[in-house]
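# Observations on chain architecture
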Amino acid sequence: MIRMRRGFAAAAVCALALTACGGGGAGEEQGGAGVDFTAKPEGTLKTMGFNPSDEVGKSRSDMAAEQMDGVTVEMDTTSFDPQKFAALSAAGNLPDVVQMDRSSIATFAQKKLLMPLDECFAAQDVKPGEYWYEAVANEASWDGKIYGAPQFFQPNIIIVNKRVADKAGVTASDLDTSKPDELITAAKKMTVLNGKQPTTLGFDPDMPGSVATWMKIYGGNVMDGDGRPTLDDPKNIEAMTFLTDLLDAQGGYTEVKSFKDTWDVFGAKNQYVTDQAGAAMWAQWYINVLSDSKADVELDATPVRDIDGQAFAMAGGTALAIPATAKNPVAGCKWLTTVTSLDAWKAAGDARAETVKKNDSINTGIFTGVPSADQAIREAHVVETGNAGFDKMIAATYETLEDTRSVGASPVGQQINDALKNAAGVVLSGEQSAKEALTNAQATAMRDWDALN
């Protein structure tokens, strides 16, 4: 039986300052040691953050319920909130499974608020290094142990508006991220300005949301292999300088942002329908949005490539973790390994296919974080659509999976991300140079890093 509830009343002061919550106590003592993960699951299982509101989530949670007969599952389906998590931890009232962004895993693992899952996976015959993409598993790991069962992977591609590109004499191959000078030239050709205000934006690099991807394109990264901030890497500075030049060529960041705020991104009058955009960097999920407008758009696509010309995908997504103080870790282990199993993903693929058929939509696949599942779903359900643009977008996305990368894992990952976003804002608005802003961002992130020691 599955029960769902919403809402939460926090009563812990440490929720206001996560770093003040510490990481010892019961979590440090338990840590999964002594738990027999081979035992039969029973009792009540409480989850937080997982919401089976669509066919992909429901099919997987239904499978877990079928395989855990006699276990009552109670779901808090509200989205993960770090402050809420900290408050529940301080109150000793964390659930048994929590869904969170993988960028948060190392933070809570370092604080000993999560249970390492190595023994859980061993008991369920799951080999993380073989089962998930390496980049995806790395995001859910810290200090030599894995703390989450990853789910989903949303690689970026460049989606091209063929009407705008053709009119400007631009092709998808001109929008190659490994050739920055040519990319700026193509963006300028497609951009239409009314004074400084764009009425058609040639190329949207998705700033600041995809800034870490652009740094990876240039060979940089926001942290090293130990999770230490590396925001002031010269390659990062080079990437930020390029992004400034790219947006300046199209009216400047402020004008571009103002124009983008008018877009009907999820609606029938989205920027590809109205020719407000020539091309943009988008995650795979946006292809599904555009499928609702398939009769009104002409599209093309190209993969994201690094400066050496190699197509690649940047990892990102959520993971299911077991808090160190979970009252029913045995059921939690069985549940999270079941909903991320190959069989569960295949069931999700079947359910998605039924929805696509019902809605006369386009099946773009499900990007799970599991290579075998991605391939199985593609072989079973992703077929030629007869729409050249959508076929190219789908093919480009799968092409990127041949080389998967991640920014890494760090207990100060959120602080690094916040410092990076702030730096991008001041650089793109012209307040500071890329070097100055990223030097300051590095100093900010390093203060948090040094506070760990």
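Only a predicted model underlies this, so the values are computations on that prediction, with no experimental measurement involved.

Looking only at helices and strands, the protein chain features 19 helices and 15 strands. Along the first, second and third principal axes, the C-alpha set of the protein chain runs to 65 × 50 × 40 Å. Counting all 453 residues of the protein chain, 55% fall into the buried class. The contacts of the protein chain with a sequence gap of at least 6 include a subset with a gap of at least 24, amounting to 79%. As presented, the protein chain carries roughly 18,900 Å² of accessible surface, and 47% of it is formed by carbon and sulfur atoms. A gap of 3 Å separates the mean positions of the 40 positive and 61 negative side-chain charges of the protein chain.

Once that is clear, we can look at the packing of helix α9 (residues 180–190) against helix α11 (residues 234–248). What describes two packed helices is the angle between their axes and the distance between those same axes. Look at α9 against α11: their axes get within 9 Å of each other, and the N-to-C directions meet at 20°. Here α9 is positioned roughly parallel relative to α11, judged by the angle of their axes. In this structure, α9 crosses over α11, and the sense of that crossing is right-handed. For the pair α9 and α11, the contacting residues are Pro180, Leu183, Ile184 and Ala187 in the first and Phe242, Asp245 and Leu246 in the second.

What follows covers the packing of α11 against helix α19 (residues 434–450). For the pair α11 and α19, the least separation of the axes is 9 Å and the interaxial angle reads 130°. Considering their axes alone, α11 and α19 lie oblique with respect to each other. As for the relative orientation of α11 and α19, their crossing is right-handed in sense. For the pair formed by α11 and α19, the contact residues are Asn236, Ile237, Met240 and Thr241 on the first element and Ala434, Lys435 and Leu438 on the second. The class makeup of the residues in the contact of α11 with α19 is four nonpolar, two polar and one charged.

So, about the pairing of strand β14 (residues 318–321). The alternating pattern of β14 places Thr318 and Leu320 on one face and Ala319 and Ala321 on the opposite face, and all of these are buried. Of the strand pairs in this sheet, strand β4 (residues 97–101) and β14 are connected by four bridges, and their pairing is antiparallel. Across the sheet, the residue bridging to aspartate 101 is threonine 318, located in β14. Where strand β7 (residues 149–151) meets β14, three bridges bridge the pair, whose relative direction is antiparallel. Directly across from alanine 149, in β14, lies its bridge partner leucine 320.

Let's shift gears to the sheet that holds strand β8 (residues 156–161). A sheet is described by the order of its strands in space; here three strands give the open sequence β11-β8-β12, paired in antiparallel fashion. Strand pairing shows two members of the sheet lacking a second neighbour, β11 (279–283) and β12 (299–303), which therefore form its edges. Averaged over neighbouring strand pairs, the angle between their axes works out to 35° when direction is ignored. Where β8 lies against β12, five bridges are found, and the strand directions are antiparallel. Each bridged residue has a counterpart across the sheet, and for asparagine 161 the counterpart in β12 is leucine 299. Set on the sheet, helix α17 (residues 388–400) makes contact with β8 and β12; between it and β12 the angle comes to about 10°.

Procedures and definitions
Residues numbered from 1 in each chain as written. Predicted model: local features only at pLDDT ≥ 70, side-chain atom pairs only at ≥ 80, totals over all residues. Heavy atoms only, no water. Helix = DSSP H or I, 4+ residues; strand = E, 2+ residues; numbered from the N terminus. Buried < 20%, exposed > 50% of the residue type's maximum accessible area, 1.4 Å probe, protein only. Contact = heavy atoms within 4.5 Å. Areas by Shrake-Rupley, 256 points an atom, 1.4 Å probe, with all protein chains shown as cover. Lys, Arg positive; Asp, Glu negative; His and termini not counted. Charge placed at Lys NZ, Arg CZ, Asp CG, Glu CD. Axes fitted to C-alpha atoms, helices over the stretch in contact; angles between N-to-C directions. Parallel < 35°, antiparallel > 145°, perpendicular 65-115°, else oblique. Left-handed = near helix turned anticlockwise from the far one by under 90°. Nonpolar A, V, L, I, M, F, W, Y, C, P; charged D, E, K, R; others polar. Pairing = 2+ DSSP bridges.

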